[in-house]
Amino acid sequence: MLGHQKVLKTLRAAIKNNNVSHAYIFEGANGIGKRETALAFSSVLMCEAEDGPCGKCKACLLFQQGSHPDFQEIYAEDDKSISVENIRNLLKGLVIRPLYSEYKIFLINNADKMTVQAQNALLKSLEEPPPYVVFILAVQSSAAMTPTIRSRCRRIFFNKLTYEEIMGILKEKYGNSKPEWDFIVPYSDGVIGTAIGLLDSPHYLEIRDEVLDKVVQLLNSQDLDLFSLYGLFEKNDDKIDFILRVMLLFFRDMLVYRQTGDFRILINSDKKDMIIKNTGIKVSGIMKCISAVWSAKKSLEVNANFQLAIEVMLMKIQQNSSKQSVVS
Ligand SMILES: [Zn+2]
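Here the structure is a predicted model, which is why all the values come from computation and not from measurement.

A look at the domain arrangement of the protein
1) Next: As far as domains go, the protein holds domain 1 (5–159) and domain 2 (201–319).
2) Next: Relative to domain 2, the C-alpha centre of domain 1 lies at a distance of 42 Å.

What follows is the structure in structure tokens.
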């Protein structure tokens, strides 16, 4: 199971009705499952059986081992663009008939990273493809594709997965759910790659713990040395997007809990004790903390000075953390 069952159903129907397009654009956020869906689609196209993949035929075995000669894929390496040479290399075997399957499949991951020349090199093959060829262009947004390429492809949109779909995939992959999943699933915002990325690198969750501890310290101490806090941000400056999002979601939860008293709707539900303990902070103060994090995020996006942006944010949070008495 990998989510996107509706997309797969459409693709399967196309195979059944002999209506497979020569070129597809798979469009959706990074990590949403476009490549996995392209592989699943390819495995059906390749299989010798009627309602594949059977997992047993020669085509299936070769495909599972990643060595099917009729399937080729490329990526944009290290975020570089895909050049005209990359495309020419990929297309070298285009005119050779498929060896083990009815189809020959070319998957271009990060196809929106193709240069215009690369797109033009591809265009000729898209316009007059050999009958057995299927191109799959996986993109975040097809806006980067030339209109002529777009007009030659059938576009398939990948929506975000639901909470239940993400949960289901994680259970299948990792077994029983753990408390931190209550954070990871909503944090992933429908993008399965984000959830898997967090689970596969526990370091992120450690950073989250550390950041939230520091934020709580900051909220509870008017004379905490901000410079000592800054070290944590400096050490993890390559993960600053993650850190700021963690902070935003934490303040969001404080606001939600403050207004509703319902901890079941918290994103950081594994940290509910922490949130409940800090519930005395005024709503207006929490709002200002949210806007402080938001401004830091915006400043860093336009390459403002890192240290300055973070310290200003920490200072504003400290200033707005004054508590009002809570009626018990
Ligand atoms: Zn098979």
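Comments concerning the layout of surface pockets
1) Next: In this structure, the largest pocket spans a volume of roughly 500 Å³.
2) Next: Lining the largest pocket are 23 residues, and of these Asn 30, Gly 31, Lys 34, Arg 35 and Asn 110 lie nearest its centre.
3) Next: Put simply, the parts of the chain that give the lining of the largest pocket at least two residues each are α2 (34–46), β4 (133–139) and α9 (192–200).
4) Next: Here the residues of the lining of the largest pocket sort into 10 nonpolar, seven polar and six charged.
5) Next: Here the second largest pocket is characterised by a volume of approximately 430 Å³.
6) Next: Lining the second largest pocket are 17 residues, with Ile 15, Val 44, Ala 49, Glu 50 and Glu 102 positioned closest to its centre.

Some words on the pattern of salt bridges
1) Next: Under the defined criterion, the tally for this structure stands at 14 salt bridges.
2) Next: One salt bridge in this structure joins Lys 239 and Asp 238, with 3.4 Å as the shortest N-O distance.
3) Next: When its relative accessible area of 14% is taken as the criterion, Lys 239 is described as buried.
4) Next: Taking the relative accessible area as the measure of exposure, Asp 238 reaches 60% and is therefore exposed.
5) Next: Within this structure, Arg 12, Lys 16 and Asp 51 form a network of salt bridges that share partners.

Some remarks on the nonpolar core
1) Next: Grouped together as the largest cluster of nonpolar side chains are 57 residues, with contacts concentrated most on Phe 233, Met 247, Met 313 and Ile 317.
2) Next: In terms of residues, this core owes the most to one element, helix α12 (residues 240–260), which gives 14 residues.
3) Next: Ignoring anything within four residues of it in the chain, the contact list for Phe 233 reads Ile 240, Ile 243, Met 247, Phe 306, Ile 310, Met 313 and Leu 314.
4) Next: Counting 25 residues, the second-largest nonpolar core is a separate cluster that includes Leu 91, Leu 122, Val 133 and Leu 137.

So, the packing of aromatic side chains
1) Next: Scanning all chains against the criterion turns up 12 aromatic pairs.
2) Next: Arranged with centres 5.2 Å apart and planes meeting at 50°, the rings of Phe 26 and Phe 158 form a pair that is tilted. Highlighted residues: Phe 26 in strand β1 (residues 23–27) and Phe 158 in the loop between β5 (154–157) and α7 (163–174), separated in sequence by 132 residues. In this pair, the class of Phe 26 matches that of Phe 158, namely buried.
3) Next: Within the aromatic cluster, the residues linked to one another by ring pairs are Tyr 24, Phe 26, Phe 41 and Phe 158.
4) Next: Lying across the ring of Phe 183, Arg 208 places its NZ or CZ 3.7 Å from the centre.
5) Next: Geometry around Tyr 187 places Arg 245 over its ring, the cationic atom sitting 4.4 Å from the centre.

Things to note about the sheet that holds strand β3 (residues 104–108)
1) Next: Strand order in this open sheet of five strands is β2-β3-β4-β1-β5, and the pairing throughout is parallel. What marks the edges here is a single partner per strand, and that holds for β2 (71–74) and β5. The mean angle between the axes of side-by-side strands here comes to 15°, regardless of whether they run parallel or antiparallel.
2) Next: In this structure, β3 lies alongside β4, joined through five bridges in parallel fashion. Counted as the bridge partner of Ile 108 is Leu 137 from β4.
3) Next: Set on the sheet, helix α1 (residues 5–16) makes contact with β1 and β5; between it and β5 the angle comes to about 150°.

Remarks on the coordination of the zinc ion
1) Next: The zinc ion binds to the protein through Cys 47 (SG), Cys 54 (SG), Cys 57 (SG) and Cys 60 (SG); the donor distances cover 2.3 to 2.4 Å.
2) Next: The site at the zinc ion holds four donor atoms, and with the angles between them running 104 to 117°, its shape is tetrahedral.
3) Next: Donor residues for the zinc ion sit on one chain with the sequence pattern C-x6-C-x2-C-x2-C.

With respect to the packing of α12 against helix α15 (residues 306–319)
1) Next: At a closest axis distance of 14 Å, the pairing of α12 and α15 adopts a crossing angle of 15°. In terms of their interaxial angle, α12 and α15 are classed as roughly parallel. Along this stretch, α12 crosses α15, giving a crossing that reads as left-handed. Mapping the contact onto sequence places Ile 240, Leu 244, Met 247 and Phe 251 in α12 and Phe 306, Ile 310, Met 313 and Ile 317 in α15.
2) Next: Broken down by class, the residue content of the contact of α12 with α15 amounts to eight nonpolar, no polar and no charged.

Observations regarding the environment of Leu 218
1) Next: For Leu 218, the position within the fold is in helix α10 (residues 203–220).
2) Next: With near-sequence residues (within four places) excluded, Leu 218 lies in contact with Leu 224, Leu 226, Leu 229, Leu 314, Ile 317, Gln 318 and Ser 321.

A word on the environment of Ile 156
1) Next: Structurally, Ile 156 is set in strand β5.
2) Next: For Ile 156, a relative accessible area of 11% puts it in the buried group.
3) Next: Beyond its immediate sequence surroundings of up to four residues, Ile 156 is in contact with Val 7, Leu 11, Tyr 24, Ile 25, Phe 26 and Glu 27.

Rules used in this analysis
- Residues numbered from 1 in each chain as written.
- Predicted model: local features only at pLDDT ≥ 70, side-chain atom pairs only at ≥ 80, totals over all residues.
- Heavy atoms only, no water.
- Domains from an automatic or database assignment.
- 1 Å grid on protein atoms, 1.4 Å probe; cavity = no way out; pocket = protein on both sides within 12 Å on 5 of 7 lines; lining within 4 Å.
- Points joined across faces, edges and corners; volume = space filled by probe spheres on them.
- Helix = DSSP H or I, 4+ residues; strand = E, 2+ residues; numbered from the N terminus.
- Nonpolar A, V, L, I, M, F, W, Y, C, P; charged D, E, K, R; others polar.
- Salt bridge = Lys/Arg side-chain N within 4 Å of Asp/Glu carboxyl O.
- Buried < 20%, exposed > 50% of the residue type's maximum accessible area, 1.4 Å probe, protein only.
- Core = buried A, V, L, I, M, F, W, Y, C linked by side-chain atoms within 4.5 Å.
- Contact = heavy atoms within 4.5 Å.
- Phe/Tyr/Trp six-rings, centres within 6.5 Å; stacked < 30°, edge-to-face > 60°.
- Lys NZ or Arg CZ within 6 Å of the ring centre and 35° of its normal.
- Pairing = 2+ DSSP bridges.
- Axes fitted to C-alpha atoms, helices over the stretch in contact; angles between N-to-C directions.
- Donors = N, O, S within 2.8 Å, 3.2 Å for Na, K, Ca; no water.
- Tetrahedral: all angles 85-135°; square planar, octahedral: opposite > 155°, others 65-115°.
- Parallel < 35°, antiparallel > 145°, perpendicular 65-115°, else oblique.
- Left-handed = near helix turned anticlockwise from the far one by under 90°.

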